[in-house]
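Residues per chain, in single letters:
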Amino acid sequence: MCNLNQNVGSTTWIEKIAIMNIDGHCLCGKVGFSLRSEANWSCYCHCEDCRRNCAAPIVAFFGISLEDFSWRIEGGAQEPKFFRSSSGVERFFCDKCGTPMAFQAEHYKGEIALYAATLTEPSVFQPKFHVHHKSSLPWLATDDSLPKFQESAPNTKIPRSKEIWLVMKRQIVIIGAG
């Protein structure tokens with residue numbers, strides 16, 4: 001018999017199962033998604049495109065491999081509507097309530113970036129760095145200790161978020177247990 005609280009490496013079986021059920025959705029619930037792995041990275045973005053797309057002074061998002069991601073859309077569509085905001089960039093949104101959901105860019109092959117606020121439990125999201133910090137709005141103070149890249153984060157120095165995802169898994173188990 002399997003003990004679900006038995007440690008496996010640094011996580012328990014319950015935590016391993018919890019990662020299989022991380023999901024998110026739009027405001028009205030028409031568009032949702034499920035994740036089946038850890039995030040590749042997580043950050044805040046200050047670029048004008050992200051700010052305007054989300055009508056927010058800063059945007060928090062994370063990248064996930066396409067093979068570990070799936071959309072759930074009321075009505076059976078394969079993916080939500082999208083807007084081509086620039087060459088090679090598609091920004092997905094719910095066509096019923098307008099919630100921005102994700103973006104895909106040709107320069108991030110095999111990956112999709114999801115907005116952290118669309119997670120069912122967004123409080124467990126923990127960014128690892130800032131990008132396009134030179135475009136940050138002067139009235140928004142971001143005095144955290146995270147690395148602040150003036151443009152995009154260099155591929156060789158992007159802090160990976162596996163340890164953050166482990167924290168997310170633990171918090172989801174705790175949230176779900178209450």
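Residues numbered from 1 in each chain as written. Predicted model: local features only at pLDDT ≥ 70, side-chain atom pairs only at ≥ 80, totals over all residues. Heavy atoms only, no water.

If you trace the 3 strands from one edge of the open sheet to the other, you get S3-S4-S7, paired in antiparallel fashion. Looking along the sheet, the strands with just one partner apiece sit at the ends: strand S3 (22-25) and strand S7 (69-73). With strand direction ignored, the average angle separating the axes of adjacent strands in the sheet is 20 degrees. In this structure, S3 lies alongside strand S4 (residues 31-35), joined through 4 bridges in antiparallel fashion. When the bridges of S4 are listed, isoleucine 22 appears paired with leucine 35. (Pairing = 2+ DSSP bridges. Helix = DSSP H or I, 4+ residues; strand = E, 2+ residues; numbered from the N terminus. Axes fitted to C-alpha atoms, helices over the stretch in contact; angles between N-to-C directions.)

Attention now moves to the nonpolar core. Core analysis: the largest hydrophobic core is formed by 20 residues, its most contacted members being Phe33, Leu35, Phe62, Phe69, Trp71, Ile112 and Leu114. Put simply, the parts of the chain that give this core at least two residues each are S4, strand S6 (59-65), S7, strand S10 (100-105) and strand S11 (111-115). For tryptophan 71, the contacting residues outside a window of four places in its chain are Val31, Gly32, Phe33, Gln78, Glu79, Pro80, Phe92, Met101, Ala102 and Ile112. Judged by nonpolar contacts, the second largest core, of 16 residues, contains Cys47, Cys50, Ala113 and Phe149. (Core = buried A, V, L, I, M, F, W, Y, C linked by side-chain atoms within 4.5 Å. Buried < 20%, exposed > 50% of the residue type's maximum accessible area, 1.4 Å probe, protein only. Contact = heavy atoms within 4.5 Å.)

Let us look at the packing of aromatic side chains. Summed over all chains, the structure comprises 11 aromatic pairs. Judged by centre distance (5.4 Å) and plane angle (75 degrees), the ring pair of phenylalanine 61 and phenylalanine 103 falls under edge-to-face. In this pair, phenylalanine 61 sits in strand S6 while phenylalanine 103 sits in strand S10, placing the two residues 42 residues apart along the sequence. Each member of the pair phenylalanine 61 and phenylalanine 103 is classed as buried. Both rings, one in phenylalanine 129 and one in phenylalanine 149, keep their centres 5.8 Å apart while their planes meet at 80 degrees; by these two values the pair is edge-to-face. Within this pair, whereas phenylalanine 129 is found in strand S12 (residues 129-131), its partner phenylalanine 149 is found in the loop between S12 and helix H3 (162-177), the two being separated by 20 residues in sequence. Grouped by ring-pair contacts, the aromatic residues Phe33, Phe69, Trp71, Phe82 and Phe92 constitute a single cluster. (Phe/Tyr/Trp six-rings, centres within 6.5 Å; stacked < 30°, edge-to-face > 60°.)

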